[in-house]
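Architecture and fold: a report
One letter stands for each residue in the lines below.
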Amino acid sequence: MTVSAGTPIELVSSVYGRLADRVALGRKRLGRPLTLTEKILINHLSAPETQDMERGRSYADFAPDRVAMQDATAQMALLQFMTAGLPTTAVPSTVHCDHLILAKVGARADMNSAVDVNKEVYDFLQSVSAKYGIGFWGPGSGIIHQVVLEHYAFPGGMMIGTDSHTPNAGGLGMVAIGVGGADAVDVMTGFPFNVRWPKVIGVKLTGSLSGWSSPKDVILEVARVLTVEGGTGAIVEYFGPGADTISATGKATICNMGAEIGATCSVFPYDTHMADYLRATSRADIAAAADAVKSDLRPDDGAQYDSVIEIDLSALKPLINGPHSPDRAHKVGDAIGSAAQLNNWPLEISSALIGSCTNSSYEDITRAASVARQARAKGLKAKVELLITPGSEQIRATIERDGLLADLEAIGATVLANACGPCIGQWERSKEITSKPNTIVNSFNRNFPKRNDGSANTLSFVTSPDTVIALALAGRLDFDPTTDSLTAPDGSSVTLDAPVGEVLPKKGYDAGNDTFIAPPADGSKITVAVDPKSSRLQLLEPFTPWDGKDYLELPVLMKAKGKCTTDHISAAGKWLVYRGHLENISGNLFEGAVNAFTDGVGEGYDVTDGQTRKYPEIAKRYSEANIRWCAIGDQNYGEGSSREHAAMEPRFRGGVVIFARSFARIHETNLKKQGLVPLTFADPKTYEAIGERDTISVLNLPPVPDKPVQCVINKADGTKVTFEALHTFSDEQVEWFKAGSALNIVRRKVGAK
């Protein structure tokens, strides 16, 4: 099927054409009403008549409709795909250039700089896309998830994307799952997407939002209730009368940030808001097709959820979450002010930021601009740096045409490029600011230490765009826009009215500049060249298969204390330039991890000579000496981004086993895909028993599904402590381990074809 700047109605029709029969089959097999999640999953099963569907246990094969990749993760995904030997991708796929643009001055200057600095990578991605039939959205197009929502998402569809915030498409009723590049390669090569059948958490919404409360506050509240790992292994499904009161882009905000609770994805049932958005984005044919099957795009009456959270939207108050974790919730005003004083967080704000894939819709910007217009009318301006990131070229062009950018610039805002920018650490700030504790407020999704600007001194708080504007005008973290007042230049007291937004532009969307490049009908003559001397791109060599032996006396390269996200394992920011070069990016391995033995950051004990060195250097030394090693994580190890580099780097440097008290879903899968063995302690206290100079033996390999793995701690004094470790390997995943990686299996199967 030809790849275009939209989802063809033929693809949608094929999905809807089998939907009723598949739903009926699901009800019959399960013997009960179905959730929307189950309807979509069953409709995309490779073998719906025989596939086991036990929540939280069965591994299932799915056939997604689409694959989307952002430029930072696409490099490694496509380097892997190139080794498969296929002429084109098996499903419609797209690449989106949004991650490599550094925010420094402003939109035009930053974009020009990015195009120059990243030319080698952009040329590579464009040529690979052309050769293998992949759609290419060039730099300036916007953030992948906003572009997918505008062009590709459709109710009842299923897609995977190489970014953890792929679930954004759930705002249009799509099961959209963030994955590592190896999962994307499976699907692009025509093989199933294999994942454990998820549990389903229901969130029942009643009432309706009003005043300063927004869709962002819904997910901030859900994060407070479920925490950063409460959604692991589950799809979050919103339902109830309140769900139908939220716009499609508001729903997308909620689904987007569902990644922060560890959920596989989140989804809303089809309603008139989705139909309106489809029509507004030139997809009236898809809206009509969805209307014809709408009963199967909503949960059945009596659908069963594993657990249910109830939220009354009418009672929901504005929230602000942070710092350091997106589930650390506070009400605006006195509550966050008291927490700041208790924890010595600076109350003065150093920067306020609006945008990201979570909150950059037309509705978001109109709400923010309505507050800005009030301020301008009273002579008020932002007291702190105010940065605006449009989510896409279409959003930028539309809000510029409608005067909304001018409203924001009038109070001192600077408009950045249509890209991820500060949300992912692509933000160059003055060291004068970052050298000391400072507070930023933003409408982003993730706020781990060093996440936004690379500085552990920056405390990041996540809230809605309209609250960000209010706090920027006040300059203080503890300002409550619902009750507090500002002082105008003439000395008068100004109380801000609640924001007012427009769900869809009255004049329609302005597409702006055309940044999409369709692949040619035949790309076989296109040559993809990678310079062997390049510092940014490196062709991949297959990882070696398992040698059939147990892993004995593995030194502990790293034992992490507390939160160890993919940002801690493989930082973004300045390291994004090496995302296509495995050897070079391995120079950041565990750089942000806190050493559980010393509390030092990014450094540990080198068994080869007893010296203390940086973790990347130790890993390189072990690799050069052919020393296999293990690492140890704490709770929810690997939460955050979908970046598979956090799995490929340990594998590249000789890591073979990662232990943890628990894993984040995407990272656990990525480790297995690359041939590592992720194991959780059967007794979480075992974590405490492991010393800096101990080694660990992992016995009776390969792992056997549903059976614990026997392990031994070899203490430095010669004593031995046995323990059991648990795993989630399926029979198929055991084969990944034995082959050395899942990609080695794909190569073998493609070769057999």
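Described below are features of the structure shown in this document. Bear in mind that the values here come from a model prediction, so they are computed numbers and not experimental data.

**Here's the deal with the overall build of the protein**
Helix and strand counts for the protein stand at 26 helices and 30 strands. On the principal axes, the C-alpha backbone points of the protein span a range of 75 × 60 × 55 Å. Evaluated residue by residue, the protein yields a buried proportion of 64% over its 753 residues. For the protein, long-range pairs separated by at least 24 residues make up 75% of all intrachain contacts whose partners lie at least 6 apart in sequence. Positive and negative side-chain charges of the protein, numbering 75 and 87 respectively, have mean locations separated by a distance of 2 Å.

**A few points about the sheet that holds strand E28 (residues 695-698)**
Strand order in the closed barrel formed by seven strands is E22-E25-E26-E27-E30-E29-E28, and the pairing between neighbours is mixed. The average undirected angle you get between the axes of adjacent strands in this sheet is 40°. When strand E25 (residues 629-632) meets strand E26 (residues 655-660), the two strands line up parallel, connected through four bridges. Bridge pairing in E26 places Ala-631 opposite Ile-658.

**A look at the packing of helix H11 (residues 272-280) against helix H12 (residues 284-292)**
Close contact between H11 and H12 brings their axes to 7 Å; oriented N to C, the two are set at 155°. The angle between H11 and H12 places the two elements in the roughly antiparallel class. Contacts between H11 and H12 involve Ala-275, Leu-278 and Arg-279 on the former and, on the latter, Ala-284, Ile-286, Ala-287 and Asp-291. Partitioning the contact of H11 with H12 into residue classes produces five nonpolar, no polar and two charged.

**Here we look at the nonpolar core**
Among the nonpolar cores identified, the biggest contains 177 residues, and Tyr-16, Leu-205 and Tyr-238 are the most heavily contacted of them. Aside from chain neighbours lying at most four places away, what touches Tyr-238 is Val-203, Leu-205, Val-218, Ile-219, Val-222, Ile-254, Ser-266, Val-267, Phe-268 and Pro-269. Grouped together as the second largest cluster of nonpolar side chains are 25 residues, Val-656, Val-657, Val-698 and Cys-711 included.

**Brief notes about unusual backbone geometry**
In this structure, the amide linkage connecting Gly-322 to the following residue, Pro-323, adopts the cis form with an omega of -5°. Mapping Pro-323 onto the fold places it in the loop between strand E12 (319-321) and strand E13 (329-331). Of the consecutive residues Leu-701 and Pro-702, the connecting peptide bond is found in the cis state with omega at 5°. If you trace the backbone, Pro-702 turns up in the loop between E28 and strand E29 (709-714). Even without a glycine there, the phi angle at Asn-344 is positive, about 60°. Here Asn-344 lies in the loop between helix H13 (334-343) and strand E14 (349-354). By relative accessible area, which is 68% here, Asn-344 ends up exposed.

**Overview of H13**
All buried positions along H13 are accounted for by Ile-336, Gly-337, Ala-339 and Ala-340. Looking straight down H13, one finds that the buried residues subtend no more than 165° of arc, so they occupy a single side. Facing away from the buried side of H13 by more than 90 degrees, the exposed set consists of Asp-334, Gln-341 and Leu-342. Once H13 finishes, Asn-344 follows within two positions and takes phi at roughly 60°, a positive value.

**Observations concerning the sheet that holds strand E5 (residues 158-161)**
With respect to topology, six strands assemble into an open sheet ordered E6-E5-E2-E3-E4-E21, the strand pairing being mixed. Of all the strands in the sheet, the pair left with one neighbour each is strand E6 (175-178) and strand E21 (516-517). Pairing analysis gives three bridges linking strand E3 (residues 93-96) to strand E4 (residues 135-137), with the strands arranged parallel. Across the sheet, Val-95 pairs through a bridge with Phe-136, a residue of E4.

**Some remarks on the packing of aromatic side chains**
Counted according to the given criterion, the structure contains 19 aromatic pairs. Aromatic pair Trp-546 and Phe-737: ring centres 5.1 Å apart, planes at 35°, arrangement tilted. Taken together, the residues span a long stretch of sequence, with Trp-546 in the loop between E21 and strand E22 (551-559) and Phe-737 in helix H25 (residues 731-739) at a distance of 191 residues. Each member of the pair, Trp-546 as well as Phe-737, carries the same accessibility label: buried. What links up through ring pairs into an aromatic cluster is the set Trp-137, Tyr-152 and Phe-516.

**With respect to helix H2 (residues 19-30)**
Along an α-helix, residues three or four positions apart point the same way, because every turn accommodates 3.6 residues. The terminal C-alpha atoms of H2 lie 16 Å apart, and with twelve residues this matches the ideal 16 Å at 1.5 Å per residue to within 8%. All buried positions along H2 are accounted for by Leu-19, Arg-22, Val-23 and Gly-26. Projected down its long axis, H2 carries its buried residues within an arc of 100°, all on one side. Seen from the open side of H2, the exposed residues pointing more than 90 degrees away from its buried face are Asp-21 and Lys-28. Here the buried face of H2 lies against helix H1 (9-17) and helix H3 (36-43).

**What to know about the side chain of Arg-446**
Positionally, Arg-446 belongs in the loop between strand E17 (438-442) and strand E18 (458-462). For Arg-446, a relative accessible area of 1% gives the class buried. A polar side-chain atom of Arg-446 sits 2.8 Å from a polar atom in the side chain of Glu-260. At a separation of 3.4 Å, a polar atom in the side chain of Arg-446 contacts the main-chain carbonyl oxygen of Gly-640.

**Concerning the pattern of salt bridges**
Applying the stated criterion to the full structure yields 39 salt bridges. For Asp-567, the salt bridge is made with Arg-643, and the minimal N-O distance between the two is 3.5 Å. With Asp-567 in helix H19 (residues 566-569) and Arg-643 in the loop between E25 and helix H22 (645-652), the pair connects residues that are 76 residues apart, well separated along the chain. A residue is classified by how much of its surface remains accessible, and Asp-567, at 11% relative accessible area, is buried. Exposure remark for Arg-643: the relative accessible area of 3% places this residue in the buried category. Salt-bridge contacts for Arg-661 lead to Asp-634; the nearest nitrogen and oxygen are separated by 2.9 Å. Here Arg-661, found in the loop between E26 and helix H23 (665-673), pairs with Asp-634, found in the loop between E25 and H22; they are 27 residues apart in sequence, far enough to count as distant.

**Regarding the state of the cysteines**
Scanning all chains against the criterion turns up zero disulfides. Left without a disulfide partner, Cys-420 is nearest to the cysteine sulfur of Cys-357, which lies 6.5 Å away. Free of any disulfide, Cys-423 has its nearest cysteine sulfur in Cys-357, 5.7 Å distant.

**Section: the packing of H25 against helix H26 (residues 742-752)**
At a minimum axis separation of 7 Å, H25 and H26 run at an interaxial angle of 95°. In terms of orientation, H25 lies roughly perpendicular with respect to H26. Only Ala-742, Asn-744, Ile-745 and Arg-748 of H26 make contact with H25, whose side of the interface consists of Glu-735, Trp-736 and Ala-739. Along the lines of polarity and charge, the residues of the contact of H25 with H26 split into four nonpolar, one polar and two charged.

Here is what the cut-offs are and how they apply
- Residues numbered from 1 in each chain as written.
- Predicted model: local features only at pLDDT ≥ 70, side-chain atom pairs only at ≥ 80, totals over all residues.
- Heavy atoms only, no water.
- Helix = DSSP H or I, 4+ residues; strand = E, 2+ residues; numbered from the N terminus.
- Buried < 20%, exposed > 50% of the residue type's maximum accessible area, 1.4 Å probe, protein only.
- Contact = heavy atoms within 4.5 Å.
- Lys, Arg positive; Asp, Glu negative; His and termini not counted.
- Charge placed at Lys NZ, Arg CZ, Asp CG, Glu CD.
- Pairing = 2+ DSSP bridges.
- Axes fitted to C-alpha atoms, helices over the stretch in contact; angles between N-to-C directions.
- Parallel < 35°, antiparallel > 145°, perpendicular 65-115°, else oblique.
- Nonpolar A, V, L, I, M, F, W, Y, C, P; charged D, E, K, R; others polar.
- Core = buried A, V, L, I, M, F, W, Y, C linked by side-chain atoms within 4.5 Å.
- Arc of directions from axis to C-beta.
- Phe/Tyr/Trp six-rings, centres within 6.5 Å; stacked < 30°, edge-to-face > 60°.
- Expected span 1.5 Å × (residues − 1).
- Polar contact = N/O pair within 3.5 Å; in protein donor to acceptor, adjacent residues only side chain to side chain.
- Salt bridge = Lys/Arg side-chain N within 4 Å of Asp/Glu carboxyl O.
- Disulfide = S-S within 2.5 Å.

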